[in-house]
Amino acid sequence: MKKFKNWRTNLILFFVVAAGGVIIGRLFFVQVLMNKYYTAQALGQQAGFVSEIGSRGQIYCSNSQDTKGTGFSSDQVKSLAINKDEWTISAQVSEISDKEEFAQSLNQNIGLAKDEILQKLSSDADYIVISKGIAEDDLNKLKALNLQGLKWEKISKRYYPQGELAANVLGFLGGEGKGQYGVEGYYENILKGDYGIREGKGLSLLFSDAKEESLDGADIYLTIDYNIQLEAESLLKQAKEKYDIDSGQIIVIKPDTGKILALADYPSFNPNNYSGVKDMDVFQNGAVQKLFEPGSIVKPFTMAIALNEGKITPQTTYIDTGEVTLSKETVHNFDNKIYGKQTMTQVLENSINTGAVFAQSQVSRKIFLNYLKKFGFTEKTGIDLQGEVFSKNENVMADSAPDINIATASFGQGIMITPMQMARAFCSLANGGKLVKPYIVEGTTPVLSSQIMSKESLSQLTSMMVSVVDNGFNKVAKIPGYYIAGKTGTA
């Protein structure tokens, strides 16, 4: 009998403990694991909530680099893309006692046509939109009238205060509220505001551990110098007037870091009115989204390769006969000129095609093509702009490419690159032999490649390119008091 009583007591105790465990487990689930859910549900029964989206980050550039060119002066910043609040006014027709007076008030205070307002008010709809794009000053006038039935809603629009300036760099905010092209597209995830649900009092963002969290997107400061950009775009417009160019780009870049100070493109557009553009190609940034055949500006790189491999010097000579035949194809000089005995420096000065072929022939095919890769002619630059393109140039780089393709590549024909690829390659000639990664947003850490060329070879090449400006076709580029290294190019 005693054993039976103990068994019954133990069974009851077991059920009590089990039930307690279930209750404790449920309380842990509700109060700990599902705390935020039930908190939100409870609040939903006690207070109103509103969905909210943060403001899009704004885009700025410097109005003047500091004396060392390392950043922005705090008081000299230009706005390139900002958020501009406009208002849409509407009417709840059933609340309007005198439509004539209502329309007359809008006409007298903000200049809306009275007849058009009355026509809208006479429709069968009870809620009608009267006008969009109302400025805040005009809205304040209407608020002061206390018009019954007048409603308003704030609409934040993207506004580009500089108009066409740097439009191809910026891109624009599309109708669906997403960045298109340029910086707007590339940095979409950084610029865009986040969605959230807030209490009606606007005190806190639900489901966030922080009591107050900003939904706004981050602002971006470009490396672009406003004054340099303005001048570059002006030069392109002058080229259109003087030479009737179809398109053109100007890139100003710091060769030691890859920092872009100006990136001008013609033709351009006004991002405030992008919907009116008929030719979609205008939206593309020609510096990074269009390939071209570079022509003779490749010749310094051909010379650089032969110099670095110790196969030529600036004084090395050859006899120019005006043509070179390879793979049954003949290469001629510009205007079919014959120059006779020429040094490698004179080859650059006079931009002699056969001289470039001679320099290229002094190194093996494999070495020449390997240098083209090192100079970045077969890859993207990695610049932080949307839609960058590149060509692998397989007609030159492939093992099956005929010798004539290698020869023409030595003076820039038969290969395709972007202006940004070429600018980056020239940076390596100016900064001591390292390839940079171009960038357009401040705060980016510069990225440089390993050494491509020796400083001795670069010094020789620089002297040759200075001679091009002093004695060749580039004399127009001379600046009194400065040594300028350069190279002409015609594809």
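Definitions and cut-offs
- Residues numbered from 1 in each chain as written.
- Predicted model: local features only at pLDDT ≥ 70, side-chain atom pairs only at ≥ 80, totals over all residues.
- Heavy atoms only, no water.
- Helix = DSSP H or I, 4+ residues; strand = E, 2+ residues; numbered from the N terminus.
- Areas by Shrake-Rupley, 256 points an atom, 1.4 Å probe, with all protein chains shown as cover.
- Buried < 20%, exposed > 50% of the residue type's maximum accessible area, 1.4 Å probe, protein only.
- Arc of directions from axis to C-beta.
- Contact = heavy atoms within 4.5 Å.
- Core = buried A, V, L, I, M, F, W, Y, C linked by side-chain atoms within 4.5 Å.
- Salt bridge = Lys/Arg side-chain N within 4 Å of Asp/Glu carboxyl O.
- pLDDT = per-residue confidence, 0-100.
- Axes fitted to C-alpha atoms, helices over the stretch in contact; angles between N-to-C directions.
- Parallel < 35°, antiparallel > 145°, perpendicular 65-115°, else oblique.
- Left-handed = near helix turned anticlockwise from the far one by under 90°.

(A) Summary view of the overall build of the chain. When helices and strands are tallied, the chain shows 18 helices and 17 strands. Of the roughly 26,500 Å² of accessible surface on the chain, 51% is carried by carbon and sulfur atoms.

(B) Structural view of helix α14 (residues 365–374). Within α14, burial applies to F368, L369, Y371 and L372. The buried residues of α14 occupy an angular sector of 155° when projected down its axis, which confines them to one face. Considering only its buried residues, α14 is in contact with α11 (299–308), α13 (353–361), α15 (394–397) and α16 (403–409). G376 sits one or two residues past α14 and shows a positive phi near 85°.

(C) Structural view of the nonpolar core. Residues M303, M344, F375, F377, V396, L429 and L461 are the most contacted members of the largest nonpolar core, which totals 39 residues. Among the elements that line this core, the one with the most residues is α11, at 6 residues. Not counting chain neighbours up to four residues away, the residues in contact with L461 comprise P300, M303, A304, L307, L348 and L429. Among the nonpolar cores identified, the runner-up in size contains 35 residues, and L165, A167, L222 and F269 belong to it.

(D) How the structure looks around the pattern of salt bridges. With the rule as written, the count across this model stands at 12 salt bridges. Note that K154 is salt-bridged to D85, the shortest N-O span being 3.9 Å. A residue pair is termed long-range when its members are at least 10 positions apart, and K154 in strand β5 (residues 150–159) and D85 in strand β3 (residues 77–92) qualify at 69 residues. Take D85: its relative accessible area is 37%, and that puts it in the partly exposed class.

(E) Main features of the confidence of the model for the chain. Put simply, the chain has an average pLDDT of 87, and 84% of its residues get 70 or more. The model gives residues 200–204 a pLDDT under 50, and that stretch makes 10 contacts with residues more than four places away or in other chains. Predicted confidence is poor over residues 206–211, with pLDDT under 50, and the contacts of this stretch with residues over four places away or in other chains come to 11 contacts.

(F) Summary view of α13. Most of α13 sits inside the fold, with 7 of its 9 residues counted as buried. Taken residue by residue, α13 has N353, T354, G355, A356, V357, A359 and Q360 as its buried positions.

(G) Fine view of the packing of α11 against α13. Taken N-terminus to C-terminus, the directions of α11 and α13 make an angle of 30°; their axes are 9 Å apart at the nearest point. One element, α11, and the other, α13, form an angle in the roughly parallel class. Viewed along their axes, α11 and α13 form a crossing whose handedness is left-handed. Contacts between α11 and α13 involve K299, T302, M303 and A306 from the first element and N353, G355, A356, A359 and Q360 from the second.

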